[in-house]
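# Commentary on secondary and tertiary structure
Single-letter residue listing:
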Amino acid sequence: MALTEQLPIYRCALRLTAQVAPLIRNFSKHYKYSLGGRLLDLCLDLPELIFDANSHYDKVPYLEELLRRLQRLRMLFNVCLDQRELSERQYAPVAMTLDEIGRQATAWRDKFGRESRQRAEQRAAYVESRIEQIVREMVAERLDGLGETDRDKPVSYTHLTLP
């Protein structure tokens, strides 16, 4: 696990915050505190989610939340463009940073999503083989307790319980 501060996605998230803060200062008073505040809050959430994803074993839920918040950011920026609080020229570098964060988060999620599925499949295969082994041992114990004449009789295993 790398230090969070050294991750490229973390540096991009900080760069996004640095790009957005000056843009909000130029918003009209009506949008500066409502729309601008939400934009800045979402931008500040991204490094926090990256830290959480990097520090937890199961990274996928944090990365999915990160991708959801990126979508919210894009939606809010579209509102800014529609309300003419931002020009397309001002939004272009922000859009590029958003896309960069999205690509990195998606790749990270896909990598750990595959690994999580593989671990789950391996765990399921192990549990299945272990259950088979326990049942075989229980059947062998049961058969050892039967006399020679009883071994040829059909045996019901439904009453056996697993430990």
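Scroll up to find the structure this text is about.
First things first, this report covers the structure right here in the doc. (Residues numbered from 1 in each chain as written. Predicted model: local features only at pLDDT ≥ 70, side-chain atom pairs only at ≥ 80, totals over all residues. Heavy atoms only, no water.)

A separate point is the overall build of the chain. Tallying secondary structure elements over the chain gives 5 helices and 0 strands in all. The N-to-C order of helical and strand elements in the chain reads α-α-α-α-α. Within the span of the chain, comprising 163 residues, buried residues form 33% of the whole. A fraction of 70% describes how many contacts in the chain between residues 6 or more apart in sequence connect residues 24 or more apart. In the structure as shown, the chain presents an accessible area of about 10,800 Å², 53% of it carried by carbon and sulfur atoms. (Helix = DSSP H or I, 4+ residues; strand = E, 2+ residues; numbered from the N terminus. Buried < 20%, exposed > 50% of the residue type's maximum accessible area, 1.4 Å probe, protein only. Contact = heavy atoms within 4.5 Å. Areas by Shrake-Rupley, 256 points an atom, 1.4 Å probe, with all protein chains shown as cover.)

Let us now look at the packing of helix H1 (residues 8–25) against helix H3 (residues 35–55). Orientation of H1 relative to H3, taken along the N-to-C sense of each, is 165°, at an axis distance of 9 Å. Viewed along their axes, H1 and H3 adopt a mutual orientation that is roughly antiparallel. For the element pair H1 and H3, the recorded crossing hand is left-handed. Facing Ile-9, Tyr-10, Ala-13, Leu-14, Leu-16, Thr-17, Val-20, Ala-21 and Ile-24 of H1, the residues of H3 in contact are Gly-36, Leu-39, Leu-40, Cys-43, Leu-44, Leu-46, Pro-47 and Ile-50. When grouped by side-chain class, the residues that make up the contact of H1 with H3 number 15 nonpolar, 2 polar and no charged. (Axes fitted to C-alpha atoms, helices over the stretch in contact; angles between N-to-C directions. Parallel < 35°, antiparallel > 145°, perpendicular 65-115°, else oblique. Left-handed = near helix turned anticlockwise from the far one by under 90°. Nonpolar A, V, L, I, M, F, W, Y, C, P; charged D, E, K, R; others polar.)

With that settled, consider the nonpolar core. Ranked by size, the top nonpolar core spans 38 residues in total, and within it Leu-16, Leu-39, Leu-73 and Phe-77 carry the most contacts. Residue assignment for this core shows that the elements contributing at least two residues are H1, H3, helix H4 (60–82) and helix H5 (88–144). Among the elements that line this core, the one with the most residues is H4, at 10 residues. Residues within four places of Phe-77 in sequence aside, it is in contact with Val-20, Leu-39, Leu-86, Tyr-91, Val-94 and Leu-98. (Core = buried A, V, L, I, M, F, W, Y, C linked by side-chain atoms within 4.5 Å.)

Attention now moves to the pattern of salt bridges. Side-chain pairing between opposite charges can occur once the charged atoms of the two side chains come close. Under the definition given, this model contains 7 salt bridges. Linking Glu-100 and Arg-15 is a salt bridge whose minimum nitrogen-to-oxygen distance equals 2.8 Å. Within this pair, whereas Glu-100 is found in helix H5, its partner Arg-15 is found in helix H1, the two being separated by 85 residues in sequence. Judged by relative accessible area, which is 36%, Arg-15 ranks as partly exposed. Between Arg-69 and Asp-45 there is a salt bridge, and its shortest N-O distance comes to 2.8 Å. With Arg-69 in helix H4 and Asp-45 in helix H3, the pair connects residues that are 24 residues apart, well separated along the chain. (Salt bridge = Lys/Arg side-chain N within 4 Å of Asp/Glu carboxyl O.)

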